[in-house]
Amino acid sequence: MLVTKDGRRLTYLEVGDPHGRLVIHNHGGPSSRLEARLFADVAVKHGLRLVCVDRPGIGQSSPQEARSYLGWADDMTAIADALGYHEFGVTGWSEGGPWALAAAAYIDPARLRHVTSIAGGSYGAFGDNWAKKHLSAVDALGGFLALHFEPGFRLMYAALAKTAVDFRETYIQQLLNAINAYDKEIVQRPGFAAAFCEASAECFAHGSEGLVRDSELLYRGWDFDVRQIERRVHLWQGLDDRLVPDVINKELADQMPGAVWHPVPGAGHFVAIGSAEELFGIAAEELSQKM
């Protein structure tokens, strides 16, 4: 746990090599610092110290009155400082993807040596609810509510919290109904569903408000412009992702000067797990390179 300069608590979980190169991982939503467990083996294999942090109001981290992408970039830098690292990398999966991109926009490349966004929820990259035409009816509705009817958005996330915490079999079954065969194979691996459910339920340790605040920022026009990011940024995407369609992040790849596009045919939203060997291998390689 880290206490920030303004007195907030940031709680994290680390896996891998405690003396390895640092990667700060941004969890999805609903998820939490416990998502790190899903990448423990690959972190060990590549000699990485993988640290996953509960964002403000999620899990065991304190809420933050004024949320922003710049503020979170500062928090990630503070985490690296507290752990004794000048250089580090950042990854983000799903709703964590935009926070990784914010790191690319705001953190000095001399410190931030690697950035990866995996199937990122890039819904506000080019303006308020920009990606709505590509989203499922439910996700498009979520974006509309986030921007125009916050009570409805809160109700939607309160219902999600109830399912994730108290009805985990239903939660997993709803997920299985929404994903492709590639993703189902991963979710049905021994122990995976239980670990995934734990990470999701922990998101709501203090209710759904933290995720509401977190997700709302994804749908609103971002306070940074991906078209100005010239440093190298890896974008991983399953081409059969039923949760975040590939066309959304392909548009980012086309308009972001430093983007390196990694399309994975047949993969779905769980490309983060299916391609973990390759994507964290690249992270380890870039972090080992000298400036």
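The structure displayed is predicted, hence computed values, not measured ones. (Residues numbered from 1 in each chain as written. Predicted model: local features only at pLDDT ≥ 70, side-chain atom pairs only at ≥ 80, totals over all residues. Heavy atoms only, no water.)

1. Some details on the overall build of the protein chain
Then, number 1: Looking only at helices and strands, the protein chain features twelve helices and nine strands.
Then, number 2: In terms of C-alpha radius of gyration, the protein chain reaches 17 Å, essentially the compact-globule figure of 19 Å for 291 residues.
Then, number 3: Expressed as lengths along the three principal axes of its C-alpha atoms, the size of the protein chain is roughly 50 × 45 × 40 Å.
Then, number 4: Put simply, the protein chain has 291 residues, and 57% of those count as buried.
Then, number 5: Within the protein chain, counting contacts between residues at least 6 apart in sequence, those at least 24 apart form 78% of the total.
Then, number 6: Taken as a whole, the protein chain presents about 11,900 Å² of accessible surface, with 52% of it coming from carbon and sulfur. (Helix = DSSP H or I, 4+ residues; strand = E, 2+ residues; numbered from the N terminus. Rg over C-alpha atoms; globule rule 2.2 N^0.38 Å. Buried < 20%, exposed > 50% of the residue type's maximum accessible area, 1.4 Å probe, protein only. Contact = heavy atoms within 4.5 Å. Areas by Shrake-Rupley, 256 points an atom, 1.4 Å probe, with all protein chains shown as cover.)

2. Examining the packing of aromatic side chains
Then, number 1: Tallying each qualifying case throughout the model produces 16 aromatic pairs.
Then, number 2: Judged by centre distance (5.4 Å) and plane angle (80°), the ring pair of Trp93 and Phe270 falls under edge-to-face. With Trp93 in strand E6 (residues 88-93) and Phe270 in the loop between strand E9 (259-264) and helix H11 (271-274), this pair connects stretches of sequence that are 177 residues apart.
Then, number 3: The buried category is assigned to Trp93, whose relative accessible area is 3%.
Then, number 4: On the basis of relative accessible area, Phe270 is assigned to the buried category, the value being 1%.
Then, number 5: The rings of Phe39, Trp93, Tyr171, Phe192, Phe196, Phe270 and Phe280 are connected pair by pair, giving a single aromatic cluster. (Phe/Tyr/Trp six-rings, centres within 6.5 Å; stacked < 30°, edge-to-face > 60°.)

3. Some details on the environment of Gln228
Then, number 1: For Gln228, the position within the fold is in the loop between helix H9 (209-219) and strand E8 (233-238).
Then, number 2: Judged by its relative accessible area of 59%, Gln228 falls in the exposed class.
Then, number 3: Sequence separation between Gln228 and Gly258 is 30 residues, and the spatial gap between their C-alpha atoms is 8.9 Å.

4. Section: the sheet that holds E8
Then, number 1: Taken in spatial order, the seven strands make up an open sheet running E3-E5-E4-E6-E7-E8-E9, and their pairing is mixed. One side of each edge strand has no neighbouring strand; the edge strands of this open sheet are strand E3 (12-16) and E9. For this sheet, the mean angle separating the axes of adjacent strands, direction not counted, is 20°.
Then, number 2: Sheet strands in contact with helix H10 (residues 246-255) are E8 and E9, and its direction is about 160° off that of E8.
Then, number 3: This element, helix H12 (residues 276-288), spans strand E4 (21-26), strand E5 (48-53), E6, strand E7 (112-118), E8 and E9 of the sheet and lies at about 165° to E7. (Pairing = 2+ DSSP bridges. Axes fitted to C-alpha atoms, helices over the stretch in contact; angles between N-to-C directions.)

5. Notes on the layout of surface pockets
Then, number 1: In this structure, the largest pocket occupies an estimated 940 Å³ of space.
Then, number 2: Along its surface, the largest pocket is lined by 29 residues, and Gly29, Pro30, Asp139, Leu160 and Leu243 are the ones closest to its centre.
Then, number 3: Taken together, the elements giving at least two residues each to the lining of the largest pocket come down to helix H4 (137-148), helix H5 (150-166) and helix H6 (168-178).
Then, number 4: At five residues, H5 tops the list of elements feeding residues into the lining of the largest pocket. (1 Å grid on protein atoms, 1.4 Å probe; cavity = no way out; pocket = protein on both sides within 12 Å on 5 of 7 lines; lining within 4 Å. Points joined across faces, edges and corners; volume = space filled by probe spheres on them.)

6. Some points on the side chain of Ser61
Then, number 1: Mapped onto the secondary structure, Ser61 falls in the loop between E5 and helix H2 (69-82).
Then, number 2: Owing to a relative accessible area of 3%, Ser61 belongs among the buried residues under this scheme.
Then, number 3: Filtering out sequence-adjacent residues up to four positions away, Ser61 remains in contact with Arg9, Leu10, Thr11, Asp54, Arg55 and Pro56.

7. Looking at the packing of H5 against H9
Then, number 1: Two numbers describe how H5 lies on H9: the axes approach to 10 Å, and their chain directions differ by 125°. Relative to H9, the element H5 lies oblique. Between H5 and H9 lies a crossing of right-handed hand. Between H5 and H9, the residues in contact are Glu150, Phe153, Arg154, Tyr157 and Leu160 and Glu209, Leu211, Val212, Ser215, Glu216 and Tyr219, respectively.
Then, number 2: The class makeup of the residues in the contact of H5 with H9 is six nonpolar, one polar and four charged. (Parallel < 35°, antiparallel > 145°, perpendicular 65-115°, else oblique. Left-handed = near helix turned anticlockwise from the far one by under 90°. Nonpolar A, V, L, I, M, F, W, Y, C, P; charged D, E, K, R; others polar.)

8. Some details on the side chain of Ser62
Then, number 1: You can see Ser62 is positioned in the loop between E5 and H2.
Then, number 2: Among all residues touching Ser62, those that are not within four sequence positions of it are Arg8, Arg9, Pro56 and Gly57.

9. Overview of the environment of Asp54
Then, number 1: When you line up the elements, Asp54 lands in the loop between E5 and H2.
Then, number 2: The exposure class assigned to Asp54 is buried, which follows from its relative accessible area of 0%.
Then, number 3: Remark: the alpha-carbon pair of Asp54 and Ala267, spanning 213 residues in sequence, is separated by 27 Å.
Then, number 4: Beyond its immediate sequence surroundings of up to four residues, Asp54 is in contact with Leu10, Thr11, His27, Ser32, Arg33, Gly59, Gln60, Ser61 and Trp72.
Then, number 5: One polar contact links the side chain of Asp54 to the main-chain amide nitrogen of Arg33, over a distance of 2.6 Å.
Then, number 6: In this structure the side chain of Asp54 is engaged in a polar contact, spanning 2.9 Å, whose partner is the backbone nitrogen of Gln60. (Polar contact = N/O pair within 3.5 Å; in protein donor to acceptor, adjacent residues only side chain to side chain.)

10. Examining the pattern of salt bridges
Then, number 1: Applying the stated criterion across every chain yields a total of 20 salt bridges.
Then, number 2: One salt bridge in this structure joins Glu150 and Arg154, with 2.4 Å as the shortest N-O distance. Of this pair, Glu150 and Arg154 both sit in helix H5, four residues apart, roughly one helical turn.
Then, number 3: For Glu150, a relative accessible area of 31% corresponds to the partly exposed category.
Then, number 4: Through salt bridges with shared partners, a single ionic network connects Asp6, Arg8 and Asp75. (Salt bridge = Lys/Arg side-chain N within 4 Å of Asp/Glu carboxyl O.)

Nothing here speaks to function; it is all geometry.
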